[in-house]
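# Structure at a glance
Here is what each chain is made of, one letter per residue.
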Amino acid sequence: MAFKERPSHLSSEHPNNNHRGFVNCAMILLVMGNVRIAIQNIHKYGVLVDLSTALTPAGWPLPFLIVLQFLNFLLAYVLELAAVGVLRKNPTLTRWLHILNGLAAFGVSWAGIVKLETNPGTAVIVLVFATTAMMKILSFAHVCDVQRQLAQGKDHVPPPPTLLQLFFFIAAPTLVYSPMYPRSKVRWGWLGRRVAEFVGIWLAIFVIAVQYVAPGIKNTLDPLARGNLPLIVEGLLKIAVPNFIVWILGFYSIFHLYLNILGELIGYADREFYKDWWNSSTLGYFWRSWNLPVHTWMVAHVYFPLISRGWKKPTASFIIFVISAVLHELVVSIPFGNFKLLAFGGMMMQVPLIQLTDRFKGTQTGNVIFWLTIMLGQPMIVLLYTRDYMKGLSGPWNDEDTRIWGKIVSPIISPVLAVFGI
């Protein structure tokens, strides 16, 4: 038996530092734990999923509100024709008409939702399409305007975009207009698999939301009404896991599947819709990498124009967050009829949190803080919007909010005040 200097297998200095078996063990434990939760959930609530509710007319987007947005695209095209014709000598008027047209694409959908009193799920989908239409129209107008400015002093004015270019941009999975995009060929087999994945994942989202998230929210409403902090925390933790699964599946289905399906159908080859945001060690990197279509639009049409006008970079970045916060608030608050600025406040809270997490850049600690922020921040907002919607409460603030938050905050701040003799 020969003895020599050798490290233990679990020591960091061991040359064969392979812990794959522990990863497999953790996955098995995770599956076993979730199977137990599923059995417990079925035993307690029964089967709550009823697919017929997803097929009723009230559960579908309002098609005509989305179709109306195409009229705004056509108006944008007419304005571009006028920009090289009757409005050639009045570019300022052209810009303002484009801005009003973009805002109208969102405003008409807003008015339709309020008038028709649609359910929140339907309204959110319509407003997401309306926001997309607004951003595309403003990008289309801005890029065409920049091309005309660059041509000033030259012998020719650039021709207006063709209808084919506009229709391709409408269908393309991008928010930034360009006369030309990289193209690709359709892979029908690949496309069919992605469509099947998309349908399957949204079915899973529906099941998880109905069977797990909804009961958790209902069970937490009573502790929230009584201001019972320990039970509120317990309820939020119960909601956090299925809510996060819905969020991560939603990200995959939209940013990977849906946008790739659109790109494949029309031969759009630039498919970088996100970066490796899951490795984020700062919240700043997460917001720059998880939604590249919106990030690219903000950089092209807000950040760079502000910088070119002499604004400082931090101020321009702050303006981007304000715009994003306003859009988040509108997309959520309009469907729920509740303007408590919860979504706006949640977004604006990211600004100081970005500064705080910058010190952990490139560390495991930073990545853990990022995941905790994502997992624990959303459930409380979901709970509050659901509570107000179910009780018919509207914002911005009411007596019940004051009573509930007084009960929650009092046990926390009372010991602190006692220390200082207040």
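Computed from a predicted model, the values in this text were never measured in an experiment. (Residues numbered from 1 in each chain as written. Predicted model: local features only at pLDDT ≥ 70, side-chain atom pairs only at ≥ 80, totals over all residues. Heavy atoms only, no water.)

### Here we look at the packing of aromatic side chains
What counts here: Each aromatic pair joins two rings of Phe, Tyr and Trp (for Trp, the six-membered one) with centres within 6.5 Å, and gets the label stacked for planes under 30 degrees apart, edge-to-face for over 60, and tilted for any other angle. A run of H or I in DSSP counts as a helix once it spans at least four residues, and a run of E counts as a strand once it spans at least two, with each numbered from the N terminus. Here's how the labels work: a residue is buried when its accessible area is under 20% of the maximum for its type, exposed when over 50%, partly exposed in between, all with a 1.4 Å probe on protein chains only. Here, over-ring charges are defined by two tests on the NZ atom of lysine or the CZ atom of arginine: distance to the ring centre within 6 Å, and angle to the ring normal within 35 degrees.
Applying the stated criterion across every chain yields a total of 29 aromatic pairs. Residues Phe-140 and Tyr-177 carry aromatic rings whose centres are separated by 5.0 Å and whose planes lie at 75° to one another, so their mutual orientation is edge-to-face. Of the two residues, Phe-140 is situated in helix α4 (residues 120-150) and Tyr-177 in the loop between α5 (163-171) and α6 (188-226); the sequence distance between them amounts to 37 residues. There is no split in this pair, since Phe-140 and Tyr-177 are both buried. A cation over an aromatic ring shows up here: Arg-187 above the ring of Trp-190, its NZ or CZ 4.5 Å from the ring centre.

### Points about the confidence of the model for the protein chain
To keep things clear, this is the line we draw: Confidence of the prediction at every residue is given by pLDDT, a number between 0 and 100.
A residue-level look at the protein chain finds 88% of positions with pLDDT of 70 or above and a mean pLDDT of 83. Summarising per-element confidence for the protein chain, the mean pLDDT is lowest in helix α14 (residues 399-419) (61) and highest in helix α9 (residues 292-308) (93).

### Topic: the packing of helix α1 (residues 20-45) against α6
Going by this rule: In this analysis, axes come from line fits to C-alpha atoms, helices being fitted only over the stretch in contact, and the angle between any two N-to-C directions falls in the range 0 to 180 degrees. An angle below 35 degrees is treated as roughly parallel, one above 145 as roughly antiparallel, one from 65 to 115 as roughly perpendicular, and anything else as oblique. Crossing handedness follows the turn of the near helix against the far one: under a right angle anticlockwise gives a left-handed crossing, and clockwise gives a right-handed one. What makes two residues a contact is simply this: any of their non-hydrogen atoms within 4.5 Å. Only Asp, Glu, Lys and Arg are considered charged, only Ala, Val, Leu, Ile, Met, Phe, Trp, Tyr, Cys and Pro nonpolar, and every remaining residue, Gly among them, polar.
With their axes 11 Å apart at the nearest point, α1 and α6 run at an angle of 60° to one another. With respect to α6, the element α1 is oriented oblique. Classified by chirality, the crossing of α6 by α1 is left-handed. Every residue of α6 that contacts α1 at Ile-37, Ala-38, Asn-41, Ile-42, Lys-44 and Tyr-45 is listed here: Gln-211, Tyr-212, Pro-215 and Asn-219. Tallied by class, the residues present in the contact of α1 with α6 amount to 6 nonpolar, 3 polar and 1 charged.

### Brief notes about helix α10 (residues 313-336)
Inclusion rule: How far a helix is expected to stretch is found by multiplying one less than its residue total by 1.5 Å.
For α10, spanning 24 residues, the distance from its first C-alpha to its last is 35 Å, which sits close to the expected 34 Å at 1.5 Å a residue. Listed as buried for α10 are Ala-316, Ile-320, Phe-321, Ser-324, Ala-325, Leu-327, Glu-329, Leu-330, Val-331, Ser-333, Ile-334 and Pro-335. Taken from the residues just after α10, Gly-337 is the one with a positive phi, measuring 60°.

### Side note on a nonpolar patch on the surface
The condition that has to hold: Excluding any residue in a salt bridge, patches collect residues exceeding 30% relative accessible area, merging like charges within 9 Å and nonpolar Val, Leu, Ile, Met, Phe, Trp and Tyr side chains within 5 Å. In this description, accessible areas are obtained by the Shrake-Rupley approach with a 1.4 Å probe, and a residue is regarded as covered only by the protein chains that are shown. Salt-bridge detection follows one rule: a side-chain nitrogen of Lys or Arg within 4 Å of a carboxyl oxygen of Asp or Glu.
Together, Phe-64, Leu-68, Leu-71, Leu-74, Val-108, Leu-116, Leu-163 and Phe-167 give the surface a local cluster of nonpolar side chains, amounting to about 680 Å² of exposed area. Put simply, the parts of the chain that give the nonpolar patch at least two residues each are α2 (63-83), α3 (91-116) and α5. Tallying contributions element by element places α2 first for the nonpolar patch, with 4 residues. Relative to the helices and strands, Phe-64 is located in helix α2. Given a relative accessible area of 46%, Phe-64 falls into the partly exposed group.

### A word on the nonpolar core
As a reminder of what qualifies: Side-chain atoms within 4.5 Å are what join buried Ala, Val, Leu, Ile, Met, Phe, Trp, Tyr and Cys residues into a set we call a nonpolar core.
Phe-140, Tyr-177, Trp-247, Trp-277, Phe-286, Trp-290 and Phe-370 are the most contacted members of the largest nonpolar core, which totals 35 residues. Sequence-distant contacts of Trp-277, that is, excluding residues within four places in its chain, are made with Trp-247, Ile-248, Phe-251, Tyr-285, Phe-286, Ser-289, Trp-290, Phe-370 and Trp-371. Within the second largest apolar cluster, 14 residues are counted, among which are Val-213, Leu-224, Ile-239 and Leu-383.

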